[in-house]
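# Topology and contacts: notes
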Amino acid sequence: MELISKIPNPVLLKIKAVTNGKYLDIVGLIIVLLGSFYLEYHKTKIPITLGKTSYNFPLGIFSILNVGFSMVGTRLVTKKNNLGNFIHTFNTFLSGAIDHLLGNLAAFLTYPVSVIGNYLAYKVWKKKMVLNSIDAIFYRNLILGMLLSFLLNFIGFYYLSTGEIKWSLYFAIAIPAGITFGGTFNTPRMYPDNWLMWQIYNLSKVIQCVMLLNIANIFKYVFYFINAILGYITWKDDKAKQL
C-alpha cells in the first residue's frame, strides 16, 4: 500500500475513473481489432477434418471474436462486475478450442479447470464481494494451480503427442496455465495483489502467443498488462477504504 499512498490524490482519482469507466473497454477492443486486421490475421485458416469432411476453418475470425469476449469479461471483472466472471466461464471454452487447434495438445484437459474456477468465482461474488489481504490461502492456491498445470500438461504432451515432447512448448504452455489456475482460484477472494500475478501471466502469454503465432492474443495481453496495473492500484485503494 506504500506505493499507492505516494500517488497524489487527484492522480489516483483519475486512475480509478479510467479503471472503472467505459472508455478503456472501447480502447482495448479497438487495439485488438485494428492490430489483427492490419496484420491480416482475420484471413488465417487452418485445415481440419471432421469425420470424412475436410475444410479450411476460419481460425483468425474465430480467434478475434473470442478475444473480444475475453476483453469484455476481463474489463468487467476489473470493475468488480460479476458478469465478467460469467462471460469468462463460457469464453474459456472458445479459448481452449483455439489453443488446441494451434498445437496445445493438453488444452482439453487444462481449460475445464479454468471453466470451473471462473464459475466458482461467479457463485462467490453473487453472495459477497470482499477485498482480502494476502494470506495462506493465496499461496496455497498458487502452488495448487502450478502443480495441477504441470501434471495435466505433461499428461497431454506425453500421452497425446505422436512424437518427442517439445519441452520449450511444454513449459511455455504449462507455466502460464499454472499462473492462470492460481489466479483464477484466487479470484473469488478478490485479492488486490492477485493483479501482480496476472502481470506475470500476461508476460508469459505474450511469449506463448509468439511461439504459437496467435497474433490477436498478443495485442490482447499487452492491453491486459496495462489493465492489470490499473486494477491493482484501484483495488488496493478500495481495500484500504473498505469498511
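Quick look at the structure, then.

Rules used throughout
Counting from 1, residues in each chain are numbered in the order their sequence is written. In keeping with the predicted nature of the model, local features appear solely for residues at pLDDT of at least 70, side-chain atom pairs appear and are counted solely at 80 or more, and the whole-chain, interface and lining totals rest on all residues. Each side-chain value is worked out from all heavy atoms of the structure, with water and hydrogens disregarded. Under this scheme, a helix contributes an axis fitted over its contacting stretch, all axes are lines through C-alpha atoms, and angles between N-to-C directions fall in the 0 to 180 degree range. Secondary structure elements are defined from DSSP: runs of H or I of at least 4 residues count as helices, runs of E of at least 2 residues count as strands, and each element is numbered from the N terminus. Helix crossings fall into two classes, left-handed where the near helix is turned counterclockwise from the far one by less than a right angle and right-handed where it is turned clockwise. In this classification, Asp, Glu, Lys and Arg are treated as charged, Ala, Val, Leu, Ile, Met, Phe, Trp, Tyr, Cys and Pro as nonpolar, and every other residue, Gly included, as polar. A residue counts toward a patch only above 30% relative accessible area and without a salt bridge, and it is joined to like-charged neighbours within 9 Å or, for Val, Leu, Ile, Met, Phe, Trp and Tyr, to nonpolar neighbours within 5 Å. Here the accessible surface of atoms and residues is derived via Shrake-Rupley with a 1.4 Å probe, and residues count as covered only by protein chains that are part of the display. In what follows, salt bridge is the name for a side-chain nitrogen of Lys or Arg lying within 4 Å of a carboxyl oxygen of Asp or Glu. The buried label applies to any residue whose accessible area, calculated with a 1.4 Å probe on protein chains only, is under 20% of its type's maximum; exposed applies above 50%, and partly exposed to all values in between.

### Here we look at the packing of helix α7 (residues 136-160) against helix α8 (residues 167-186)
One can describe the packing of α7 onto α8 by two numbers: an axis separation of 7 Å at closest approach and a directional angle of 145°. Read as a crossing pair, α7 and α8 show a hand that is right-handed. Counted by class, the contact of α7 with α8 contains 20 nonpolar, 8 polar and no charged residues.

### Here we look at a nonpolar patch on the surface
A cluster of nonpolar side chains, namely Phe-108, Leu-151, Phe-154, Ile-155, Tyr-158, Tyr-159, Leu-160, Trp-167, Phe-171 and Ile-175, defines an oily patch on the protein surface of about 1000 Å² accessible area. Residue assignment for the nonpolar patch shows that the elements contributing at least two residues are α7 and α8. Tallying contributions element by element places α7 first for the nonpolar patch, with 6 residues. Counting through the fold element by element, Ile-175 comes out in helix α8. Judged by its relative accessible area of 34%, Ile-175 falls in the partly exposed class.

### Some words on the pattern of salt bridges
Counted according to the given criterion, the structure contains 9 salt bridges. Notably, a salt bridge pairs Arg-75 with Asp-25, separated by 2.6 Å at the nearest N-O pair. With Arg-75 in helix α4 (residues 59-78) and Asp-25 in helix α3 (residues 23-38), this pair connects stretches of sequence that are 50 residues apart. Of the charged contacts, one joins Asp-237 and Lys-241 as a salt bridge, the two residues approaching to 3.1 Å between their closest N and O atoms. The exposure class of Asp-237 is buried, given its relative accessible area of 5%. Through salt bridges with shared partners, one network takes in Lys-16, Lys-80, Asp-237, Asp-238 and Lys-241.

Remember that the coordinates give geometry; whether it matters functionally is a separate question.
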